[in-house]
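Geometric and topological summary
Listed here are the chains, written in short residue letters.
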Amino acid sequence: MPVVVVESPAKAKTINKYLGSDYVVLASYGHVRDLPPKDGSVDTENGFDMLWEVAADSKKHIRAIVEALKTDDTLILATDPDREGEAISWHLQEALASTLKKGKKVSRVTFNAITKEAVTEAMKHPRQVDQPLVDAYLARRALDYLVGFTLSPVLWRKLPGSRSAGRVQSVCLRLIVEREMEVEAFRAREFWSVSAVLNTPRGQEFEARLTVLGGRKLDKFDIPTAEAAELAVQAVTSRTLSVLSVEAKPASRNPYPPFMTSTLQQEASRKFGMGAKACMSAAQRLYEAGHITYMRTDGIDMAPEAVTQARAEIGKRFGAAYVPDAPRIYKNKAKNAQEAHECIRPTDMGMAPADLRLSERDQQNLYELIWKRTIASQMAGARMERTVVEIGSADGQVGLRANGQVVLFDGFLKVYEEGRDDEDEDEGRLPQIMQGEAAAPKKGGFEAAFKKQADAVGKDDFDLIEAKSAQSQSALRRVPSAVISPDGAILASQSHTQPPPRYTEATLVKRMEELGIGRPSTYASVLTTIVDREYVRKDKNRLFPEDKGRLVTAFLTNFFRRYVEYDFTADLESQLDDVSAGERDYKEVLARFWRDFSAAIAETADLRIGEVLDKIDDFLSPHLYPLREDGSDPRICTSCGTGRLHLKTSRSGGAFIGCGNYPECRYTRPISGEEGGSVDGRVLGLDADGVEISLRAGRFGPYVQKGEATEEAPKPPRASLPKGWESGALTLERAIELLSLPRQIGPHPEDGVMVESAIGRFGPYVKHGTVYANIPDVEEVFTIGMNRAVEVLALKAAGRRGAAVAEPLRALGEHPDGGPVQVMPGKYGPYVKWAKVNATLPKELTPEAVTLEEALALIAEKAGKSGKKAPAKKAAAKAPAKATAAKKPTVKKAAAKGPAKAAAAKKPAAKKTAAPKAVAGAAASEDVLGE
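Let me sum up the structure you'll find in this document. None of the values given here were measured: they were computed from a predicted structure.

1. A few points about the overall build of the protein
In terms of regular secondary structure, the protein is built from 26 helices and 36 strands. Taken across its 931 residues, the protein has 47% of its residues classed as buried. A total accessible area of about 45,400 Å² is found for the protein, and carbon and sulfur atoms account for 51% of it.

See the structure below:
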């Protein structure tokens, strides 16, 4: 039987169902080889040869393929239809080279959707691995390795506390940091707008905005103050208004194109608050189940048969009027044909969201979004009528305008309306208005709006303004943000210009796409990386740079500016696209990049940390030292009054603002802290004995200390701030509470042994003798009583005896080797369990979001590290599996041929410009794994 290899077990299961028993379908579980995280993996001295290594947990998957090929001579590589999928097929072919020499046939097939028709059709048209696509992958992988393993150590040495840099992630981070600096530098400008509620002679009301004052057309800032707004309201109030013109124009709106990767991520973020990673995870599961086409694509074109099916479905569901005369054709936006895929669409247009019974909410939402967008993209356009009404006074001194819109035929809007990043005011529908008729102010039309403004500032009464018009018998009313006419029909409202909005994941992906930075497969991983590195935090779906992210951006902008330039990164992406199109040699791209990049690295060899900090200090000065209200020098220390403030680093690697008069002046504050704050040495007050309590900065974060170190007491009482406590908001009372721990709750009612509460390495807990029991809330440490403490301790003791068995949080499915895979709650966080293998979930994976595929990868990695074996298989197991168990063939490490072997055998001499040795840990390797 031919052996078919795909990436995931879920995909293998679906494809096996379509191909039947004539094929053996196995999963590679993603990439089987990677560059080892050490010096020399990319040999810059020998044509950029790469030394590949088979991952530990991939060896058993390769063994399974080798065993299956013993009984068949045909290997079909059916990985995903993109550059990454082509690379996985190439790696498999290279890793299996010794097995494939003996007359085996190897072919490559691709399909854009996992349906029976698509899979069986693909099997009829095999081809060979596309080398230009592989070359493009090799170039990207080498570039990411060289940047990650060369630039990251420079960061570690020159900028203590930073973690790593990446070719695309650093440019993405720069976008977020620069947007935040724009927000901080922004100065709001006041302006006022005047509106009126008017009546037609038939008693129908409508709203109009002041556009002409004093015979002159108004610009946005022409009414800059409350006083000017008062005059404008009086000018409108004192005049008789009539309709000068009514102009109605037909308008139309065409539907949006179907989804590609970036637009899907943007809409999922706008409509559901779904992050890029969660969006792609849900889309992956929909794709592997055969519900949608491939989800990593730059293309927006749709297969002709899908267009026909969509048009038929539109006619069936909505009627012939909603089917346009001709199919809609959308132009493919992909950079080159080799990587151009069809849009993201349902594989069956007739399968509406209600017909597809999905258990996971994210998949339900995403499928509905994709189905509606795809159907709408082939529907008739919407037809509207836009009306503009001009109102004015007889003397031409005052003019107002009303805008309205009427939808005559909803077309595609019946199904789908695209979300917005920044909400605009929609034009309302206008009543019947005729030219030449009177437009009388509607008494009390704006009273509710004015009252809302008054309530917002807490005013029960209003300032009265003497009316200057002889026709007015009463006064205007005013609150700080609004002025209203005596009859309540004309309202002036205060506004201020707004800073540019901070990026959401949706707007950041859109901006990266506009600049040509990254590709569909990279957006989610790049955004995840900068959040995981704590360079950026998400708050209410907005992205805020952390101090660590600002420092890294400042360093790279000052010393490696070219490599975080948007144009440079976009041009490099274009070169890689040329490689995948077969129009450029990937080694030439690497050579050109490395020549200049290695020289830039060498220039930083003699940089001192002090010099680096001075440069960053200047670059970030608007953020670090904002202008003071009294106009004084923002860099003068507020504590001693003479020292100048500077950016400094602590022994732990953190950065803070400190006084130049140290140690005489110990004033410090966080980079993003308030002027009065201090990280190290800020005195909080005195305790009951008159001893000074201070806030300090330590190796493991901020802590409070009682008194000072002396010869008699070299280690005064100290306590670290619990997670979630902000140092800037810490009070003396809270500090004293911390220092008083452990807190004695009282003697246990059963044996009289003292029960205590405290905060330890693993969080808050209660203790009775040798029994420790965790409690969920830090605050409970200071308030927990005996009844609650005894209950918590009893539950812990019962758990030890096995009286209480934890229930699974989720059942993910069956392991390919048999047995359920479950998500379990654990003492140190959730984990996935299969047989006797327990694998902790990474912090970025929640129990609700983890998939069976991800769980299997974690279990395989854990089993490989611990040496645990799978449970004995039942007699019904397939023959190839038995063969694997009976015989364990030795699989040699797959190394690159030729020069790469030489590189492995002989260690190259260390050079300044060569990729430096990897530091223990995965800080750099994480970066180079996904740009």
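2. Considering the packing of aromatic side chains
Under the counting rule described, the total for this entry stands at 20 aromatic pairs. On the numbers, 5.2 Å between centres and 70° between planes, the contact of Tyr287 with Tyr294 is edge-to-face. Both residues of the pair, Tyr287 and Tyr294, count as buried. One aromatic cluster is present, formed by Phe555, Phe559, Phe560, Tyr563, Phe568, Phe593, Trp594 and Phe597 through successive ring pairs. It is Arg179 that lies over the ring of Tyr503; its NZ or CZ is 4.3 Å from the centre. Taking the ring centre of Phe221 as reference, the NZ or CZ of Arg189 above it sits at 3.8 Å.

3. A short note on the pattern of salt bridges
In total, this model carries 50 salt bridges according to the counting rule given. Glu360 serves as the salt-bridge partner of Arg810, at 3.5 Å between the closest nitrogen and oxygen. Taken together, the residues Arg810 in strand 33 (residues 810–814) and Glu360 in the loop between helix 11 (304–318) and helix 12 (361–377) connect sequence positions 450 residues apart.

4. Focus: the nonpolar core
Core analysis: the biggest nonpolar cluster contains 158 residues, and Leu75, Leu366, Phe555 and Phe560 have the highest contact counts within it. In terms of residue count, the dominant contributor to this core is helix 6 (residues 131–158) (14 residues). Not counting residues up to four positions away in its chain, the partners in contact with Phe560 are Leu151, Val154, Phe555, Ala600, Ile601 and Thr604. Of all hydrophobic cores here, the second largest spans 30 residues; its members include Ala226, Ile391, Val398 and Ala402.

5. Re helix 17 (residues 566–580)
A turn of α-helix holds 3.6 residues, and therefore any two residues three or four places apart point the same way. Taking 1.5 Å of rise per residue, the 15 residues of helix 17 would be expected to cover 21 Å, and the 21 Å separating its terminal C-alpha atoms lies within 8% of that figure. Helix 17 sits mainly inside the fold: 11 of its 15 residues count as buried. Tucked into the core, helix 17 has its buried residues touching helix 3 (83–95), helix 6, helix 7 (169–185), helix 14 (505–515) and helix 18 (586–603). One or two steps after helix 17, the chain reaches Gly582, where phi turns positive at roughly 80°.

6. Quick word on the environment of Pro847
With respect to the secondary-structure elements, Pro847 resides in the loop between strand 36 (837–840) and helix 23 (852–866). Taking the C-alpha atoms as reference points, Pro847 and Tyr831, separated by 16 residues in sequence, lie 8.1 Å from one another. The contacts of Pro847, once residues within four sequence positions are left out, are Leu809, Arg810, Val823, Pro830 and Leu841.

7. Regarding the sheet that holds strand 22 (residues 645–649)
Adjacent strands of a sheet pair through backbone hydrogen bonds, lying either parallel or antiparallel. Reading across from one edge, 22-23-24 is the order of the 3 strands in this open sheet, with antiparallel pairing throughout. At either end of the open sheet lies a strand with only one pairing partner, and these are strand 22 and strand 24 (668–670). Neighbour to neighbour, the strand axes of the sheet diverge by 35° on average, direction disregarded. Pairing geometry for strand 22 and strand 23 (residues 655–659), over 5 bridges, is antiparallel. Counterpart to Leu647 in the pairing with strand 23 is Ile657.

8. Focus on the side chain of His91
For His91, the position within the fold is in helix 3. Residue contacts for His91: discarding those within four places in its chain leaves His31, Val32, Arg33, Trp52 and Tyr137.

9. Some details on the pairing of strand 2 (residues 24–27)
Sheet analysis places strand 1 (residues 3–6) next to strand 2, joined by 4 bridges and oriented parallel. Considered in strand 2, the bridge of Val5 is made with Leu26. Handedness of the crossover joining strand 1 and strand 2 through helix 1 (residues 9–19): right-handed.

Thresholds, definitions, all that
- Residues numbered from 1 in each chain as written.
- Predicted model: local features only at pLDDT ≥ 70, side-chain atom pairs only at ≥ 80, totals over all residues.
- Heavy atoms only, no water.
- Helix = DSSP H or I, 4+ residues; strand = E, 2+ residues; numbered from the N terminus.
- Buried < 20%, exposed > 50% of the residue type's maximum accessible area, 1.4 Å probe, protein only.
- Areas by Shrake-Rupley, 256 points an atom, 1.4 Å probe, with all protein chains shown as cover.
- Phe/Tyr/Trp six-rings, centres within 6.5 Å; stacked < 30°, edge-to-face > 60°.
- Lys NZ or Arg CZ within 6 Å of the ring centre and 35° of its normal.
- Salt bridge = Lys/Arg side-chain N within 4 Å of Asp/Glu carboxyl O.
- Core = buried A, V, L, I, M, F, W, Y, C linked by side-chain atoms within 4.5 Å.
- Contact = heavy atoms within 4.5 Å.
- Expected span 1.5 Å × (residues − 1).
- Pairing = 2+ DSSP bridges.
- Axes fitted to C-alpha atoms, helices over the stretch in contact; angles between N-to-C directions.
- Right-handed = clockwise from strand over helix to strand, strands pointing away.

From the geometry alone we can't say anything about function, so treat these as descriptive.
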